[in-house]
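Fold and geometry: a report
Residues per chain are reported as follows:
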Amino acid sequence: MATILRDWSYRYQWLYDGISRLAALSVGGEARFRQLALQGLTIHSDTQVLDLCCGSGQTTQFLVKLSQNVTGLDASPKSLQRARQNVPLACYLEAFAETMPFADNLFDVVHTSVALHEMQPQQLRKIISEVYRVLKPGGVFTLVDFHAPTNPIFWPGVSVFLLLFETETAWQLLKTDLPGLLTETGFDVGEPTLYAGGSLQVIQAQK
């Protein structure tokens, strides 16, 4: 169960940003962390990109440097307000990830960063199905999120972080076979790339 620090981190942007920067040190800093899931992707100026659960635009700011067609989607009006201020070059939409108001086969790339661990198992399946629906054939779903550490040294730090700032859904994700869920939905899934002692996973799946 998360502590009051979780509530404060969402209420106060400065606290959330500070926690993010501290956690990102394990992979070389905030900027590198936000671009982990973008490595190896081909994104042109006309590529249709969806930043799913975009938050305050932490990764959106890098996506708009690659494409002129970036849409950020989030369910939080406060986060979207910050995103519009931080990254005005993107378009934004308030909606839930499991019921996206987009046409089929619309996006070339769908990206999400440390958001899936917030979802209940049934939500997670719906979101993956929705991502598959809105992606064009050949489109890529790229994500970074928690993973059960493969290096035991990282377990204490991950456990403390999850206890302080996350809920039971984050613990559930550590036991979830994300590549398996993506494959069940129809994605062609590459081997996950692990970072920070295996505590972070990057997955790129093609429709």
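In this report, the structure presented in the accompanying data block is examined. Small disclaimer: the values here were computed from a predicted structure and weren't measured. (Residues numbered from 1 in each chain as written. Predicted model: local features only at pLDDT ≥ 70, side-chain atom pairs only at ≥ 80, totals over all residues. Heavy atoms only, no water.)

A short note on the side chain of Thr112
Tracing the sequence through the fold places Thr112 in strand 4 (residues 107–113). On the basis of relative accessibility, which here comes to 1%, the residue Thr112 falls in the buried class. At 3.0 Å, the side chain of Thr112 forms a polar contact with the backbone oxygen of Leu52. Every residue in contact with Thr112, bar those within four places of it in the chain, is listed here: Leu52, Cys53, Phe141, Thr142, Leu143 and Val144. (Helix = DSSP H or I, 4+ residues; strand = E, 2+ residues; numbered from the N terminus. Buried < 20%, exposed > 50% of the residue type's maximum accessible area, 1.4 Å probe, protein only. Polar contact = N/O pair within 3.5 Å; in protein donor to acceptor, adjacent residues only side chain to side chain. Contact = heavy atoms within 4.5 Å.)

What about the packing of aromatic side chains?
If you walk through the whole model with that rule in mind, you get three aromatic pairs. Aromatic side chains Phe102 and Phe107 sit 5.0 Å apart centroid to centroid with 85° between the ring planes, which places their arrangement in the edge-to-face category. You'll find Phe102 and Phe107 in the same group, each marked buried. Seen in terms of ring centroids, Tyr132 and Phe187 are 5.0 Å apart; in terms of plane orientation they differ by 90°. Their pairing is edge-to-face. Residue Tyr132 is found in helix 6 (residues 121–134), and its partner Phe187 is found in the loop between helix 9 (178–185) and strand 6 (188–189); the two are separated by 55 residues along the sequence. (Phe/Tyr/Trp six-rings, centres within 6.5 Å; stacked < 30°, edge-to-face > 60°.)

Focus: the pairing of strand 2 (residues 69–74)
For strand 2, the buried fraction is high: five of the six residues fall into the buried class. Across five bridges, the pairing between strand 1 (residues 48–52) and strand 2 is parallel. Residue Leu50 lies in a different strand from strand 2, and its bridge partner there is Thr71. The handedness of the strand 2 to strand 3 (residues 91–94) crossover, carried by helix 5 (residues 77–86), is right-handed. (Pairing = 2+ DSSP bridges. Right-handed = clockwise from strand over helix to strand, strands pointing away.)

Description of the pattern of salt bridges
Taken as a whole, this structure holds four salt bridges when the rule is applied. The partner of Asp104 in a salt bridge is Arg133, with the nearest N and O atoms 2.7 Å apart. Linking Asp104 in the loop between strand 3 and strand 4 with Arg133 in helix 6, this pair joins segments that are 29 residues apart in sequence. Classification of Asp104 as partly exposed rests on a relative accessible area of 48%. By relative accessible area, Arg133 is classed as partly exposed at 22%. The salt bridge partner of Glu130 is Arg133, with a shortest N-O separation of 2.8 Å. You can see Glu130 and its partner Arg133 sitting in helix 6, three residues apart, about one turn around the helix. One salt-bridge network, in which partners are shared between bridges, spans Asp104, Glu130 and Arg133. (Salt bridge = Lys/Arg side-chain N within 4 Å of Asp/Glu carboxyl O.)

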